[in-house]
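# Coordinates in review
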Amino acid sequence: MTYTVIAAQFTNHYYKTFDEAREQLRSLYRPHSMLTFESTAVCGEDNILQTTHRIGKVVHTIVTFDAQPCGNDGRILVMVTGHMVIDGSEHPQGFSECFQLIPENGTYYILNDIFKLVYPA
Amino acid sequence: MPNAAAPSGPRGQRGARGPRRGGPSRGGISKRSGPRGIKTDKDGDLDMDAPVRQTPYSRGGSAPSSRGDARGGRLTRGSGSGGIRGGTTRSHARGSGLVEITVLGWQESQGNRDSVIDFLERKTNVRIKKSRTQGDALIISVPFLQVAEIVKWDGCRYAGSTLSINAQNVPKITSKGDEDVIMAANPRPSEKSDTIKVLEQVLAQRYNSATKMLDLSRLGEDATLRQNGFFDFASTTSKMFPALMLVADRKFDSAAEKRDAVVSVTLGYNNLKDIKVVSCLAATFSDLKNLSLEGNMIPSWASLDSWRHKFRKLEQLVLSGNPIVTEDGYKEEAMRRYPMLQMLDNVVLDRPVIKIGAAQAIPSGIMPTATHTSSYGSTKTQLPLGVKPGFNLDDSGVGMQFLSSFFTMYDNNRDELLATFYDEASRFSVSANTMAPRTHQVGVSIPPKPWEPYYQTSRNMMRTYAASLITKLFIGTQKIRDAWQSLPRSKHDVSDSKLWVFDIWPVQGLPDVNNPSNLEGVGGLIATVHGEYEEVAEGGKVPLKRSFDRTFTLAPGRGAMNLRVVNDMMVVRAWGGSDAWTPEPQIFAAPVNEEEAMRQAKIVELRRRTGLNAAYAELCMIETGWNWDGAYAAFERAKADNLLPPEAFI
């Protein structure tokens, strides 16, 4: 599989899981994974899951995503923008999120996840 | 405002970091020659003429053999008393930042528990925070970084007995090691205490308390050192400096005291071709603000490599009179290596400092609300999530430095930018987010096909078919140049920090262009930037603004800036203003313990860099008040002093 296919599968899977079964995102992170959510940085599956759980019910809409290979070992950099409706709010919020995916035993995990709200939508 | 309160965030520092004009305020370096007139310190900042502090090896009753005996005795008793060396120390120490030290032998003395604590406090100037007895042992707790001070007194005599002092998880700095350093420098091995006295005298003569400068220039001409035979043998000449540093270090009870007393050091005119002999200066005076190596023979930056990551607070550096000043990219390398540097060779550096991201809360009313009106009409939409400024863990300043030059070059000279930071393996792609809502721009008429200039290059994988995914990833300077030429010319306003937000994170495993056989790769940075630019308009039209997100991965490179762009991914969208990262009253109701989260992140990063285990990384952070630079420097010092036991790395 090329990195573009992996990135596409990842992006679909991540946001679908986030919106429908957020607890299952755990399997995408490792103890040394890092999430930067706005100005907060946390590390490890527990802290990351806790942080994402504080956000209410979310429906993501992906508008762009792009991916580039990065590094020697098959790492992939994925950049996504779109908007999210939180708790049914009438005002969707725009976001920009960047992932570094690391290959591990035939699958991938998220090492860095950098999330930023970018505009009031 | 979380960021304003974080003491170690580089953003927090930036306000205080503007280029200082008109010379240094403290202890500037200027050329001095001839013998130094200052003999004594009158204002008591640093009492170089104080009597030699009694140390284990300067007293008769503690020859190495007797210490050896004492240690043997302790081991026997220690194991007999059961469980002293048990694993409680770590968990106990984790919470408080204290390390437990076992003192044995005091029960055989004429003193008691309180008097032995009093004795140790007096001798070491360390306040003993906690104490308890366990069997024969007195267990005292002291801060991590002060363990060495206490343990140094292992084997000393106290009230008729010999004390055995041993930290449980942190091995002592053996005074034997210190002694070796001093002895190695000693031209007359029979007179070791004299060596210390001579070196102390030299330091006293060369220290100026008014300017807080230690003048170590022309050491070869030093009458005191010459008279005492330090330069009689090649073997002792090179050992003199480490011994001198050791003696200097002993004058201080804390890093803070040292930092206050010695702001500047000059090593001018010492015929140095490299810094091997003097490299320990960095360990002893790690917080120097001003350093001069004037008039030596240093040929290149490579010969200064062992100080590459040292002197993180250096503001002034003088290398005039060394061949290095003619090296290509000399000034840029100085700026790159020393992020706080403000003056090089007595010239103020014109470092492009832009303050990206809001470092302080912006008073309401300053924001031009008319142009920030969202497309939905209200001036400030009530959003479900509060928004916040970025997170930055770029302690070296490399990422900031890159960003501060990148956007100006991107606007003015994209070819130069390519030549500076991009190479044949760099990758660039851009996506147009055409769905983002548009914020009203006063006086701007939006063209009928606003995204046309971007369609040709846009790689948005939501819309692009597989075949063009390959052609729309631009690899190498030539292809990236073509792509950039197809994009509208831009103007980023780098002067207004409110318009920008960025995150910078260290990453590993990037390709190593300097050593392609290094398959593990090198460390670098991920930087994500959010901001806006104007498309340069023709014929007096009001320029159209765009918002953008851009992610870079940066790795060590070969060019003048020694930095290369590995990945450059950009998203362009309709202008949305910067409300999103303007801090607003917190409506994110659930309590987020940001302080704790930041701490956890720092621990993880410190572990990654140092290999320390979690407990030791946390100790190190606690000891240094969660100051990032401080913790790393403390680690390096502790490592250099051999203070860290093997289990700290498990």
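Quick caveat, the model's predicted, so the values are computed rather than measured. (Residues numbered from 1 in each chain as written. Chains lettered and ligands numbered in written order. Predicted model: local features only at pLDDT ≥ 70, side-chain atom pairs only at ≥ 80, totals over all residues. Heavy atoms only, no water.)

### Examining the overall build of chain A
- When helices and strands are tallied, chain A shows two helices and six strands.
- Moving toward the C terminus, one meets the helices and strands of chain A in the order α-β-β-α-β-β-β-β.
- When the 121 residues of chain A are sorted by exposure, 66% land in the buried category.
- Residue pairs at least 24 apart in sequence account for 48% of intrachain contacts in chain A once pairs closer than 6 positions are excluded.
- Carbon together with sulfur atoms contributes 53% to the accessible area of chain A, which is approximately 4100 Å² in total. (Helix = DSSP H or I, 4+ residues; strand = E, 2+ residues; numbered from the N terminus. Buried < 20%, exposed > 50% of the residue type's maximum accessible area, 1.4 Å probe, protein only. Contact = heavy atoms within 4.5 Å. Areas by Shrake-Rupley, 256 points an atom, 1.4 Å probe, with all protein chains shown as cover.)

### Describing the overall build of chain B
- Each helix and strand in chain B was counted, giving 21 helices and 20 strands.
- Out of the 650 residues belonging to chain B, those deemed buried represent 54%.
- Once local pairs closer than 6 in sequence are excluded, the contacts in chain B between residues at least 24 apart make up 73%.
- As displayed, chain B has an accessible area near 27400 Å², and 52% of this comes from carbon and sulfur atoms.

### Section: helix H2 (residues 45–54) of chain A
- Every buried residue of H2 of chain A is accounted for by Ile 48, Leu 49, Thr 51 and Thr 52 of chain A. End-on view of H2 of chain A: buried residues confined to an arc of 160°, all on one side of the axis. (Arc of directions from axis to C-beta.)

### Details of the sheet that holds strand S11 (residues 316–318) of chain B
All names here are of chain B.
- Pairing is mixed across the open sheet formed by seven strands, whose spatial order is S7-S8-S9-S10-S11-S12-S13. The open sheet has two edge strands, strand S7 (207–208) and strand S13 (347–348), and neither has a second partner.
- Here strand S12 (residues 343–344) pairs with S13 via two bridges, running antiparallel. Its bridge partner lying in S13, Met 343 is registered against Val 348. (Pairing = 2+ DSSP bridges.)

### Comments concerning unusual backbone geometry
- Its identity is not glycine, yet Asn 105 of chain A carries a phi of approximately 45°, on the positive side.
- You can see Asn 105 of chain A is positioned in the loop between strand S5 (93–104) and strand S6 (107–120).
- The class for Asn 105 of chain A is exposed, based on a relative accessible area of 76%.
- Phi is positive for Asn 271 of chain B, close to 55°, though the residue is something other than glycine.
- Tracing the backbone through its elements, the reader meets Asn 271 of chain B in the loop between strand S9 (264–266) and helix H12 (281–284).
- Note on Asn 271 of chain B: relative accessible area 55%, which makes it exposed.

### Remarks on the environment of Gln 107 of chain B
Residues and elements named next belong to chain B.
- Here Gln 107 is to be found in the loop between strand S1 (98–104) and helix H5 (113–124).
- On the basis of relative accessibility, which here comes to 43%, the residue Gln 107 falls in the partly exposed class.
- Taking the C-alpha atoms as reference points, Gln 107 and Asp 136, separated by 29 residues in sequence, lie 7.1 Å from one another.
- Residues within four places of Gln 107 in sequence aside, it is in contact with Gly 135 and Asp 136.

### Quick notes on helix H21 (residues 628–640) of chain B
All names here are of chain B.
- Spanning 13 residues, H21 covers 18 Å between terminal C-alpha atoms, matching the ideal 18 Å at 1.5 Å per step.
- Those residues of H21 lying buried are Trp 628, Gly 630, Ala 631, Ala 634, Phe 635 and Ala 638. Buried residues along H21 cover an arc of 160° about the axis, so they all sit on one side.
- Residue Asn 642 follows H21 closely and has a positive phi angle near 60°. (Expected span 1.5 Å × (residues − 1).)

### A closer look at the pattern of salt bridges
All names here are of chain B.
- In this structure the tally under the stated criterion is 26 salt bridges over all chains.
- A salt bridge links Asp 415 to Arg 481; the shortest N-O distance between them is 2.9 Å. Highlighted residues: Asp 415 in helix H15 (residues 414–421) and Arg 481 in helix H18 (residues 477–486), separated in sequence by 66 residues.
- Take Asp 415: its relative accessible area is 40%, and that puts it in the partly exposed class.
- The partner of Glu 535 in a salt bridge is Arg 546, with the nearest N and O atoms 2.5 Å apart. Here the residue Glu 535 occupies a position in strand S18 (residues 522–535), and Arg 546 occupies one in strand S19 (residues 545–556), the gap between them amounting to 11 residues. (Salt bridge = Lys/Arg side-chain N within 4 Å of Asp/Glu carboxyl O.)

### Some words on the side chain of His 530 of chain B
Residue and element names in this part refer to chain B.
- By the element assignment, His 530 lies in strand S18.
- Using a relative accessible area of 3% as the deciding quantity, one classes His 530 as buried.
- At 2.6 Å, the side chain of His 530 forms a polar contact with the side chain of Asp 549. (Polar contact = N/O pair within 3.5 Å; in protein donor to acceptor, adjacent residues only side chain to side chain.)

### What to know about the nonpolar core
Residue and element names in this part refer to chain B.
- Residues Val 265, Leu 267, Leu 281, Phe 285 and Trp 307 are the most contacted members of the largest nonpolar core, which totals 46 residues.
- At the level of elements, helix H8 (192–206), helix H10 (234–249), H12 and helix H13 (330–337) are the ones that each hand at least two residues to this core.
- For this core, the element with the most residues is H10, which contributes seven residues.
- Of all hydrophobic cores here, the second largest spans 40 residues; its members include Tyr 410, Leu 417, Leu 554 and Met 561. (Core = buried A, V, L, I, M, F, W, Y, C linked by side-chain atoms within 4.5 Å.)

### Describing the packing of H15 of chain B against H18 of chain B
All names here are of chain B.
- With their axes 10 Å apart at the nearest point, H15 and H18 run at an angle of 150° to one another. Between H15 and H18, the interaxial angle falls into the category roughly antiparallel. Of the two elements, H15 crosses H18, and the hand of that crossing is right-handed. Residues Arg 414, Asp 415, Leu 417 and Leu 418 of H15 touch H18, and the partners they reach there are Thr 477, Ile 480, Arg 481 and Trp 484. (Axes fitted to C-alpha atoms, helices over the stretch in contact; angles between N-to-C directions. Parallel < 35°, antiparallel > 145°, perpendicular 65-115°, else oblique. Left-handed = near helix turned anticlockwise from the far one by under 90°.)

### Considering the confidence of the model for chain B
All names here are of chain B.
- When pLDDT is averaged across chain B, the result is 70; 68% of the residues are at 70 or more.
- Here residues 1–96 scores under 50 on pLDDT; set against residues more than four positions off or in separate chains, the count is 191 contacts.
- Counted against residues more than four places away or in other chains, residues 584–592, with its pLDDT under 50, gives 18 contacts.
- Among the scores for the predicted complex, ipTM is 0.91 and pTM is 0.46. (pLDDT = per-residue confidence, 0-100.)

### Notes on the pairing of strand S14 (residues 427–433) of chain B
All names here are of chain B.
- The element S14 is largely enclosed, with a buried count of seven among its seven residues.
- Burial along S14 is two-sided: the face carrying Arg 427, Ser 429, Ser 431 and Asn 433 and the face carrying Phe 428, Val 430 and Ala 432 are both buried.
- One ladder, built from two bridges, connects S14 with strand S15 (residues 474–475); its direction is antiparallel. Paired with Phe 428 across the two strands is Phe 474, which belongs to S15.
- Direction of pairing for S14 relative to strand S20 (residues 563–574): parallel, over a ladder of seven bridges. Pairing of Val 430 across the sheet is with Met 570, part of S20.

### As for the packing of aromatic side chains
- The full count for this structure, using the stated rule, is 29 aromatic pairs over all chains.
- Ring geometry for Tyr 14 of chain A and Phe 99 of chain A: centres 4.8 Å apart, planes at 65°, overall edge-to-face. Of this pair, Tyr 14 of chain A sits in helix H1 (residues 3–20) while Phe 99 of chain A sits in strand S5; the two residues are 85 residues apart in sequence, bridging distant segments of the chain.
- Residue Tyr 14 of chain A is classed as buried on the basis of its relative accessible area, which comes to 1%.
- Phe 99 of chain A gets classed as buried once you look at its relative accessible area, which sits at 1%.
- The positively charged end of Arg 218 of chain B is found above the aromatic ring belonging to Tyr 269 of chain B, 4.2 Å away from the centroid.
- For Arg 550 of chain B, the ring lying beneath its charged end belongs to Tyr 410 of chain B, and the centroid distance is 4.5 Å. (Phe/Tyr/Trp six-rings, centres within 6.5 Å; stacked < 30°, edge-to-face > 60°. Lys NZ or Arg CZ within 6 Å of the ring centre and 35° of its normal.)

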